Amino acid sequence: MSSTPITVLQAEIVDDGLLCFDFGELCDLLHCAPSEALAWVQYGVIQPQGSGPQHWRFRRIDLYRARLGQRLARDLELDMAGAALAVELLERLRS
């Protein structure tokens, strides 16, 4: 039997009880290059807290929204702007 590698995540609990990731951890969780994660920020899909990429912290909802954007882009063959718009519209419908 072969062993399956286990991914270990580091996280921190902040005052509001949300799990936060730094920029590098977010890229790892999204399995994407930093440029893709930065584009999700620029399109407003995810909204980091902090003064710049070195100090950014992301919430669980940011991870969810970025993964949703990735799936929409892949499954519907949308560019990133289209996926960002779709995420926004889906969030409006959900609330």
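Look above for the structure.
Predicted, not measured: the structure shown is a model, and the values here were computed from it.

**What about the packing of aromatic side chains?**
Then, in step 1: Here the structure, examined in full by the defined rule, presents three aromatic pairs.
Then, in step 2: Pairing Phe 23 with Phe 58 gives two aromatic rings, centres 6.3 Å apart and planes at 35°, and the pair type is tilted. Within this pair, whereas Phe 23 is found in helix H1 (residues 23-30), its partner Phe 58 is found in strand E3 (residues 57-58), the two being separated by 35 residues in sequence.
Then, in step 3: Ring geometry for Trp 56 versus Phe 58: centroids 5.9 Å apart, planes at 80°, classification edge-to-face. Residue Trp 56 shares its accessibility class with Phe 58, and that shared class is buried.
Then, in step 4: Each residue in the set Phe 23, Trp 56 and Phe 58 is aromatic and connected to the rest through ring pairs, giving one cluster.

**Section: the pattern of salt bridges**
Where side chains of opposite charge bring their charged atoms close, a pairing between them can arise.
Then, in step 1: Considering all chains together, one arrives at six salt bridges under this definition.
Then, in step 2: Across the salt bridge formed by Arg 59 and Asp 62, the nearest N and O atoms sit 3.5 Å from each other.
Then, in step 3: The class of Arg 59 is partly exposed, set by a relative accessible area of 22%.
Then, in step 4: The class of Asp 62 is buried, set by a relative accessible area of 1%.
Then, in step 5: A salt bridge links Arg 94 to Glu 91; the nearest nitrogen and oxygen atoms lie 3.8 Å apart. One end of the pair, Arg 94, and the other, Glu 91, are both in helix H4 (residues 80-94), three residues apart, so they sit about a helical turn from each other.
Then, in step 6: We classify Arg 94 as exposed; its relative accessible area is 54%.

**Details of the packing of H1 against helix H3 (residues 60-75)**
Between two packed helices, what matters for the description is the angle formed by their axes and the separation of those axes.
Then, in step 1: At a closest axis distance of 10 Å, the pairing of H1 and H3 adopts a crossing angle of 40°. The angle between H1 and H3 falls in the class oblique. Our pair here, H1 against H3, has a crossing hand that is right-handed. Across the interface between the two elements, Leu 26, Leu 29 and Leu 30 of H1 pack against Leu 63, Ala 66, Arg 67 and Gln 70 of H3.

How each quantity is defined
- Residues numbered from 1 in each chain as written.
- Predicted model: local features only at pLDDT ≥ 70, side-chain atom pairs only at ≥ 80, totals over all residues.
- Heavy atoms only, no water.
- Phe/Tyr/Trp six-rings, centres within 6.5 Å; stacked < 30°, edge-to-face > 60°.
- Helix = DSSP H or I, 4+ residues; strand = E, 2+ residues; numbered from the N terminus.
- Buried < 20%, exposed > 50% of the residue type's maximum accessible area, 1.4 Å probe, protein only.
- Salt bridge = Lys/Arg side-chain N within 4 Å of Asp/Glu carboxyl O.
- Axes fitted to C-alpha atoms, helices over the stretch in contact; angles between N-to-C directions.
- Parallel < 35°, antiparallel > 145°, perpendicular 65-115°, else oblique.
- Left-handed = near helix turned anticlockwise from the far one by under 90°.
- Contact = heavy atoms within 4.5 Å.

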